[in-house]
Structures are given as structure tokens and as C-alpha cells.
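Observations on chain architecture
These are the residues of each chain, in order.
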Amino acid sequence: MRSASHFCRRAYKIGSNLIPLARSGTTRFSVRKEISTTTTASPPFNFSGNMYEHMELASDCDQISGEIREPDVYIVTSGGLRIPANASVLASVSPVLENILDRPRKYRRSEKIIPILGVPCDAVLAFVRFLYSSRCTDDEMETYGIHLLALSHVFLVPQLKQRCTKGLAKRLTNDNVVDVLQLARLCDAPDLYIKCMRLISDHFKTVEKTEGWMFLQDHDPHLELEIMQFMEESESRKKRSRRRREERCLYMQLSEAMECLEHICTEGCTSVGPYHLEPTTKKVPCGKFSTCHGLQMLIKHFGTCKKRVNGGCSRCKRMWQLLRLHSSICDQTDLCRVPLCRQFKLKAQQVKKGEDARWKLLVRKVVSAKAMSSLSLPKRKREEEPRQTLDHRHGHGSFRL
């Protein structure tokens, strides 16, 4: 028994042979020459009995009207199979078939023949069945999905092409993804092409060991280059996305630290609070205690460190930056109780325009993160926050440790 990969590459070859036939009317004559040699080796087989009973090709219109049209055209396959059909039905579904049927015949009495070569006979039967009924079974899709995709592209049947694209996308594996990718590229199926590319990118170590990948390296180096470029771009996108997520996380942490700083300087927390209030004695931690506790430890160090005057302490530098960041964000300087808020604000006004652009960018990012976090809060809590800010008035703040 031949492998599935063999049939996939066979379908890829079919697509390469069939697709040019849909672009030019002159190439159809070469197909007719080929069919003459095929039929001599294998005599044509005609369906016996009623074609609608044998193939279930009755259209909805025929079923409603109760009329059965006589076949006036034959579809001939590579194996010499002659499938009877009705020209009006074929022309109404496929503009390519309509163009073929409208061509003048060499002899008036000669019968109309449409050759579909290089495809298994059962795949052609499934294709004609879909033209009549607009239905395709899962078994047909499982067995002849790649052939039906090529036929739907060549004969411009968009409904079947969409059905094949979805069906093949569900059946992608590491073994057949390279072959399906080649066919999707030939048949202009972008959705299927992208899904194949993503699967190859995610499981490349497994895919490169398959027979399909070796076939690709020998016969289609341009597609191999496309895959490598897609993988490189995909990896770059992942790195950029990961970097943006890390930056957003950092800005959210800084925004949360600003909220905790205001909370400590206005209400106080477990061990640090405003100078005119005793630190709270409640044992229940605040909602953001993990950040608040770390900030309290930093404030305690800042109040007792002897190196901060000379700028030799990294933790004190971090505290200075947090206080400066708060001052850049704060819009109520006269009412704010955070230490040095007004002093940093006055110093910022003396800085010339254009200087410290990176700091201004950081401030904008933190403000944006704060706005996004406030939008995620319930409406009632968002309305209460401005009221709580207005309740804490007068004077400049100082820590009580």
C-alpha cells in the first residue's frame, strides 16, 4: 500500500498540471490529445442505468420539478471512465466548465466531452456529485480532499474550495503538512497556507524528518526559503510580544506602587503611616499588601540609611525615583501628602524642553497603565476613589515609622 505522503505529492503534481489549464483556453487541446492515448490503453466505461440513481446527482431543481434531464455531455477521466452529466447544470456551477461547453465543436454531431485527467476516478465522481448536490461527505474529504481542492481551484467552484480548505485544515499532521502546504500555495488558499506554516513553525524538528520535507528540499527550494523566512518572522513576533508583555507588567507594577505610596502616606498601613497618625493596628492586610509591604520596607530603609546623602545606596535611589515618579503623575500637588511631591514638581518645571525624554515616556506609560487598571475596577469603586482623595487635605506629608 502506498503511503499518504505519496498521494499528497501526487496531488501536488496534479495541481501543477491542472492549474495552468484554467488560465488559457488553448491548453485544453493538449489535454484532449492526452485523453486519446489514455482511452486506447483503457477502453471507456459507460455508466449503465439512470445516472441519477447510480450517482445521486439529482439537483434540487430537478427534485422539485420532478423532471430528469437527459445527459448531453460526458466527463472523461484518466482511467477511461465516462461520467454522463447535463451541460446546463455544469455551466451554472462553474464558469470554467461553461467556457469549455461554449466552445464550437469540430463536428456538429460529435458529442461534448470534458476531460479531467491526472485525478483518481472516484475523486472526479465526488467532484461531479458536489456540482449537482453541493454536498461532500467526510469520507470523500478524508480520501480525496487534496484532489478536490485542486479541482475546485481549477474549475472555480468557491463553495467546494472553502469546504476543502476547512476539511484539510482539520486533518493536518506533521507527516502531510508539507504536501498540503505545497498544494495550498498552488491553489491560492491563504487560510490553509497560514495554518500549514504555523504547524511547521511549531513542530519543525519533527517535520524536517518527514519524507515530505525531503521532497520539498529537492524540488521546491523557493518554498523552503519562504518557510524559513516565516519561521524567522514568527520568532521575531514572539520576542516582540514577550517584550511588550514584560513592559506592560512593569508599568502595572509601578502604577500599583504609586497607589500604595498614596495609601501609605494618607491612611497608613501595618508599620508605616503619616506623621500625624499612628500606624494602623489592624491585622488584616490591605488588598495590595504584597506591594505595600515591600514599599514599607523600602521607606523604613530610606528613613534610616546613612549612605543616601552621598548617593551611594541603590535602594535609596529607587525610593527617590518612586517619589519623583509620583510627583510627575500627581495632579493634586497642593493636597498631596506624599513627601517631596511639590519639590519634585517645581524642579521638573525648571528642566528645559527636550531633556529627559525617556523619563517623560515612562510617566506616560505608567499613567496609561493606571488608567487601564482603573477601567477594570467596578463602577462604584471608581466613583469612590476621587472622594477618598479629596478627604485627605492640607499640608505636606512626612513618614511616621
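Bear in mind the structure is a predicted one, so any value in this text is a computation, not a measurement.

1. Re the overall build of the protein chain
A tally of regular secondary structure across the protein chain gives 19 helices and six strands. Burial statistics for the protein chain: of 401 residues in total, 40% are counted as buried. The contacts in the protein chain between residues at least 6 apart in sequence include a share of 67% that link residues at least 24 apart. Carbon and sulfur atoms form 52% of the exposed surface of the protein chain, whose accessible area is close to 24,300 Å².

2. Structural notes on the confidence of the model for the protein chain
The predicted model of the protein chain has a mean per-residue pLDDT of 75, with 70% of residues at 70 or higher. Note on residues 1-5: pLDDT under 50 across the span, and five contacts to partners over four residues away in sequence or across chains. The model gives residues 386-396 a pLDDT under 50, and that stretch makes 15 contacts with residues more than four places away or in other chains.

3. A look at the pairing of strand β3 (residues 81-85)
With respect to burial, β3 is a largely interior element, five of its five residues being buried. The two faces of β3 match: L81, I83 and A85 on one face and R82 and P84 on the other face are all buried. In the sheet, strand β2 (residues 73-77) pairs with β3 via four bridges, with the strands oriented antiparallel. Its bridge partner lying in β3, V76 is registered against R82. Count of turn residues in the β2/β3 antiparallel hairpin: three residues, of which G80 carries a positive phi of about 85 degrees.

4. Some details on a positive patch on the surface
A cluster of basic residues, K166, K170, K195, R198, R237, K239, R240, R242, R243, R244, R245 and R248, forms a positive patch at the surface. Of all the secondary-structure elements, those providing two or more residues to the positive patch are α9 (158-170), α11 (190-202) and α14 (221-266). Among the elements that take part in the positive patch, α14 stands out by supplying eight residues, more than any other. If you trace the backbone, R240 turns up in helix α14. What makes R240 partly exposed here is its relative accessible area of 37%.

5. Details of the nonpolar core
One broad trend across soluble globular proteins is that nonpolar side chains are buried collectively. Residues L90, I114, F127, F155, L192 and I227 are the most contacted members of the largest nonpolar core, which totals 62 residues. Core analysis: the second largest hydrophobic core is formed by 32 residues, L298, F302, L325 and A369 among them.

6. Structural notes on the pattern of salt bridges
Counted under the stated rule, the structure contains six salt bridges. With a closest N to O distance of 3.3 Å, R185 and E226 form a salt bridge. Of this pair, R185 sits in helix α10 (residues 177-186) while E226 sits in helix α14, and the two are 41 residues apart along the sequence. The class for E226 is partly exposed, based on a relative accessible area of 27%. Of the charged contacts in the structure, one is a salt bridge between D202 and K238, with a shortest N-O distance of 3.9 Å. Placement of the pair is D202 in helix α11 and K238 in helix α14, with a sequence separation of 36 residues. Because the salt bridges share partners, they merge into one network encompassing R185, D220 and E226.

7. Comments concerning helix α7 (residues 121-133)
Here α7 is 13 residues long and its end C-alpha atoms lie 18 Å apart, about the 18 Å a rise of 1.5 Å per residue gives. Among the residues making up α7, those that are buried are A123, V124, L125, A126, F127, V128, F130, L131, Y132 and S133. Downstream of α7 by one or two residues, S134 has phi in the positive range, about 60 degrees.

8. Focus on unusual backbone geometry
The residue D188 is not glycine, and still its phi comes out positive at about 55 degrees. On the secondary structure map, D188 appears in the loop between α10 and α11. Taking the relative accessible area as the measure of exposure, D188 reaches 54% and is therefore exposed. Located in the positive-phi region is L340, a residue other than glycine, with phi close to 65 degrees. Along the chain, L340 falls in the loop between α16 (314-329) and α17 (341-350). Residue classification places L340 among the partly exposed positions, given a relative accessible area of 30%.

Rules of the game
Residues numbered from 1 in each chain as written. Predicted model: local features only at pLDDT ≥ 70, side-chain atom pairs only at ≥ 80, totals over all residues. Heavy atoms only, no water. Helix = DSSP H or I, 4+ residues; strand = E, 2+ residues; numbered from the N terminus. Buried < 20%, exposed > 50% of the residue type's maximum accessible area, 1.4 Å probe, protein only. Contact = heavy atoms within 4.5 Å. Areas by Shrake-Rupley, 256 points an atom, 1.4 Å probe, with all protein chains shown as cover. pLDDT = per-residue confidence, 0-100. Pairing = 2+ DSSP bridges. Patch = residues over 30% accessible without salt bridge, like charges linked within 9 Å, V, L, I, M, F, W, Y side chains within 5 Å. Salt bridge = Lys/Arg side-chain N within 4 Å of Asp/Glu carboxyl O. Lys, Arg positive; Asp, Glu negative; His and termini not counted. Charge placed at Lys NZ, Arg CZ, Asp CG, Glu CD. Core = buried A, V, L, I, M, F, W, Y, C linked by side-chain atoms within 4.5 Å. Expected span 1.5 Å × (residues − 1).

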